[in-house]
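A look at the structure
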Amino acid sequence: HPSNDTQAVKLSGEEVTKHNSRESCWVIIHGRAYDVTEFLPEHPGGAKIILKYAGKDASDEYDPIHPPDTLDKYLDKKFHLGEVDMNTVEQETKEDDPEEQERQERIKRMPILEQCYNLMDFEAVARRVMKRTAWAYYSSGADDEITMRENHSAFHKIWFRPRVLVDVEKVDFSTTMLGTKVDIPFYVTATALGKLGNPEGEVILTRGAKKHNVIQMIPTLASCSFDELIDAAEGNQVQWLQLYVNKNRDITKRIVEHAEERGCKGLFITVDAPQLGRREKDMRSKFSDVGSNVQSTGGHDVDRSQGAARAISSFIDPSLSWKDIPWFQSITKMPILLKGIQRVEDVIRAIEAGVQGVVLSNHGGRQLDFARSGIEVLAEVMPVLRERGWEDKIEIYIDGGVRRATDIIKALCLGARGVGIGRPFLYAMSAYGLPGVDRAMHLLKAEMEMNMRLIGAAKIEDLDPSMVDTRGITTHTTVVPADTLSLNVYDALIGPKEKVS
Ligand SMILES: Cc1cc2c(cc1C)[n+](S(=O)(=O)[O-])c1c(=O)[nH]c(=O)nc-1n2C[C@H](O)[C@H](O)[C@H](O)COP(=O)(O)O
């Protein structure tokens, strides 16, 4: 191959298109050609998704899934073929794709940002304007999505017992999280593949977090590289790392040590995903895309997760267990928190293991369906810790379904330090970019100020369990979810035009 430094003439598109088979497979990423023939069998996402782009420009498909440094890190330099003359490359124009044309029409008609008055408005707009695969990945929950819905509806089972005649002229809802002062008790939680929703990816969340002085939890599976997100932080902006533990502990050690060197102030080990959940909306949307060929790897033992996530998560170590905690404590000085704890017995084990905190979470309903909401687990945990005098031993966070400042206030009344918020910021970023994330955070601050006044609390310390009535929290009247896959998805598959006899 012409090695790129001696490359006199750029490769032509015609030359690249000749290498469009399993026997010889070249792809173009950002104007440079790569020979991935030998890599095909090693690709975690399977060979077919690459072969779909053999001899072509694969940049659009590649970007959301792979951080920019992936090829430099994992493809031997001898397969880097050098620059391509992109004027000679036939680009597949999206314009003639009817679905894309319809989407562009919806984008033209979308509401202006000022018409978004709460976090759910961003979801409504994102659903209409996002690419189908991106919406499917972000919005899907596991199996029948009962837990995903429960996460938000659980907050509707908690009612306030407000105090009145409290001087609330001045309201201060700032707090500290792992020693960092933040404006409001929420952080931007880790959600993978930010570039599915917005070509800039998670750096938008970094900038929004800076603007509102809240913390961003950097996902292991971000589209942006870890260093891009650290470099995008400004001044003394604080970021945490969310870690999926790799079967190869040397890789994990390197990631953790690098995060500490770059100034991360917390290590959140995700413990609820020894295997990624089965997110059927996401899987269906990939069946129209080659990425889902991964499911059809072998007969009936269809792969238990969808195209993109399965491709990016095959490294996760299902053998991770409590015995590994001392090892993590030996390789880093960062506070260690366990993200995805779902019962009080495991909170007690976490305290006994000497970690600095937990996130009571079910991964946004994307893992075990029928897992309880973070807020319900919090209502179980705090009374038990108080009995032992352990309520201040560690910092306790929850996430899942937080959409209103009243949800944040309920969690703090019960004893949480703060909450993580995921999808709303993804939707705001996907629909409106940084202005969307900025407005979403601004709306939460405005709601927080009003609701602190109305509940009779001038500062966070005034929030206590006597201000909420949680007697209804354990009732799980589960109606068949309105948005059941059978109703909505099969109709979509049959399509409105076809007459169903
Ligand atoms: C919405 C979403 C959530 C993901 C997420 C991706 C998306 C699109 N991903 S996932 O691809 O593997 O499932 C991650 C992840 O990388 N790591 C993680 O710890 N949690 C992941 N989560 C869970 C997230 O950190 C919160 O637990 C969850 O989003 C909170 O619920 P809400 O979205 O309702 O706020």
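Higher on the page you've got the structure.
Quick caveat: nothing in here was measured; it's all calculated off a predicted structure.

What counts and what doesn't
Residues numbered from 1 in each chain as written. Predicted model: local features only at pLDDT ≥ 70, side-chain atom pairs only at ≥ 80, totals over all residues. Heavy atoms only, no water. Helix = DSSP H or I, 4+ residues; strand = E, 2+ residues; numbered from the N terminus. Buried < 20%, exposed > 50% of the residue type's maximum accessible area, 1.4 Å probe, protein only. Expected span 1.5 Å × (residues − 1). Arc of directions from axis to C-beta. Core = buried A, V, L, I, M, F, W, Y, C linked by side-chain atoms within 4.5 Å. Contact = heavy atoms within 4.5 Å. Pairing = 2+ DSSP bridges. Axes fitted to C-alpha atoms, helices over the stretch in contact; angles between N-to-C directions. Near = heavy atom within 4 Å. Polar contact = N/O pair within 3.5 Å; in protein donor to acceptor, adjacent residues only side chain to side chain. Areas by Shrake-Rupley, 256 points an atom, 1.4 Å probe, with all protein chains shown as cover. Parallel < 35°, antiparallel > 145°, perpendicular 65-115°, else oblique. Left-handed = near helix turned anticlockwise from the far one by under 90°. Nonpolar A, V, L, I, M, F, W, Y, C, P; charged D, E, K, R; others polar. Salt bridge = Lys/Arg side-chain N within 4 Å of Asp/Glu carboxyl O.

This part covers the overall build of the protein. On a plain count of helices and strands, the protein comes out with 19 helices and 15 strands. Relative to its full complement of 501 residues, the protein shows a buried share of 55%.

What follows deals with helix α11 (residues 249-261). Note: α-helices contain 3.6 residues per turn, so residues at a spacing of three or four share the same orientation. In this model α11 runs 18 Å from its N-terminal to its C-terminal C-alpha over 13 residues, within 8% of the 18 Å that 1.5 Å per residue would give. Every buried residue belonging to α11 is among Arg249, Thr252, Val256 and Ala259, and all of these are buried. One face of α11 carries all of its buried residues, which in axial projection span an arc of 90 degrees. Within α11, the exposed residues directed more than 90 degrees away from the buried face are Asp250, Arg254 and Glu261. Just beyond α11, the residue with positive phi is glycine 263, at close to 100 degrees.

The next thing to look at is the nonpolar core. The nonpolar side chains of a soluble globular protein tend to be buried, and buried together. In this structure, Phe186, Val347, Leu360, Ile375, Leu378, Ile396 and Leu463 are the most contacted members of the largest nonpolar core, which totals 109 residues. Of all the elements, helix α18 (residues 423-455) adds the most residues to this core, at 15 residues. Residue contacts for isoleucine 375: discarding those within four places in its chain leaves Ala154, Phe155, Ile158, Ile398, Lys410, Ala411, Leu414 and Ile473. Ranked by size, the runner-up nonpolar core spans 16 residues in total, among them Val27, Ile29, Leu40 and Ala54.

Across the sheet, three strands lie side by side as β1-β2-β3; this open sheet has antiparallel pairing. What marks the edges here is a single partner per strand, and that holds for β1 (26-29) and β3 (80-83). Mean inter-strand twist for the sheet, computed between neighbouring axes without regard to direction, equals 25 degrees. When strand β2 (residues 32-35) meets β3, the two strands line up antiparallel, connected through three bridges. Bridge pairing in β3 places arginine 32 opposite glutamate 83.

Now for the site of the ligand. Taken together, the neighbourhood of the ligand is formed by 23 residues, with Tyr137, Ala190, Tyr244, Thr270 and Arg403 sitting nearest. Within the side chain of tyrosine 137, an N or O atom sits 2.5 Å from an oxygen atom of the ligand. Separating an oxygen atom of the ligand from a backbone N or O atom of glycine 401 is a distance of 2.9 Å. For the ligand, the accessible surface in isolation is 650 Å², of which the surrounding protein chains cover 100%. Taken together, the elements giving at least two residues each to the shell around the ligand come down to α7 (132-139) and α18.

Angle between the axes and distance between the axes: these two values describe a pair of packed helices. With their axes 9 Å apart at the nearest point, helix α16 (residues 374-388) and helix α17 (residues 405-414) run at an angle of 20 degrees to one another. Overall, the two elements α16 and α17 adopt an arrangement that is roughly parallel. The hand of the α16/α17 crossing is right-handed. For the pair α16 and α17, the contacting residues are Ile375, Leu378, Ala379, Met382 and Arg386 in the first and Lys410, Ala411 and Leu414 in the second. Broken down by class, the residue content of the contact of α16 with α17 amounts to six nonpolar, no polar and two charged.

What follows deals with the environment of threonine 220. Topologically, threonine 220 is positioned in the loop between β8 (216-218) and α10 (226-232). For threonine 220, a relative accessible area of 24% puts it in the partly exposed group. Setting aside anything within four residues of it in sequence, one finds threonine 220 in contact with Gln242, Leu243, Tyr244 and Phe315. Only 2.5 Å separates the side chain of threonine 220 from the backbone oxygen of glutamine 242, close enough to count as a polar contact.

Right, let's talk about the pattern of salt bridges for a bit. This structure, assessed with the given rule, holds 30 salt bridges. In this structure, the salt-bridge partner of lysine 445 is aspartate 183, at a minimum N-O distance of 2.9 Å. Within this pair, whereas lysine 445 is found in helix α18, its partner aspartate 183 is found in the loop between β6 (180-182) and β7 (186-188), the two being separated by 262 residues in sequence.

This part takes up the packing of helix α9 (residues 203-211) against α18. Two elements in contact, α9 and α18, have axes separated by 9 Å at closest approach and are oriented at 15 degrees. By the angle between their directions, the pair α9 and α18 is classed as roughly parallel. Between α9 and α18 lies a crossing whose hand is left-handed. On the side of α9, the interface is formed by Ile204, Leu205, Arg207, Gly208, Ala209 and Lys211, while α18 contributes Phe425, Met429, Gly433, Leu434, Val437, Asp438 and Met441. By residue class, the composition of the contact of α9 with α18 is eight nonpolar, two polar and three charged.

Let us now look at the side chain of serine 59. When you line up the elements, serine 59 lands in helix α3 (residues 59-62). What makes serine 59 buried here is its relative accessible area of 6%. Here the side chain of serine 59 touches aspartate 57 through a polar contact of 2.6 Å, side chain to side chain. Discounting residues that sit within four places of it in the chain, serine 59 has contacts with Ile28, Ile29 and His30.

Here the phi dihedral of aspartate 143 falls at roughly 50 degrees; this positive angle occurs in a residue that is not glycine. Inspection of the secondary structure puts aspartate 143 in the loop between α7 and α8 (146-153). The exposure class of aspartate 143 is partly exposed, given its relative accessible area of 27%. Even without being a glycine, phenylalanine 370 presents a positive backbone phi close to 75 degrees. Structurally, phenylalanine 370 is set in the loop between β12 (357-360) and α16. The class for phenylalanine 370 is exposed, based on a relative accessible area of 58%.

Turning next to the side chain of aspartate 399. Within the secondary structure, aspartate 399 is located in strand β13 (residues 395-399). A distance of 2.6 Å separates the side chain of aspartate 399 from the side chain of serine 361, its partner in a polar contact. Sequence-distant contacts of aspartate 399, defined by excluding residues within four places in its chain, comprise Thr189, Lys339, Val359, Leu360, Ser361, Gly374 and Gly420.

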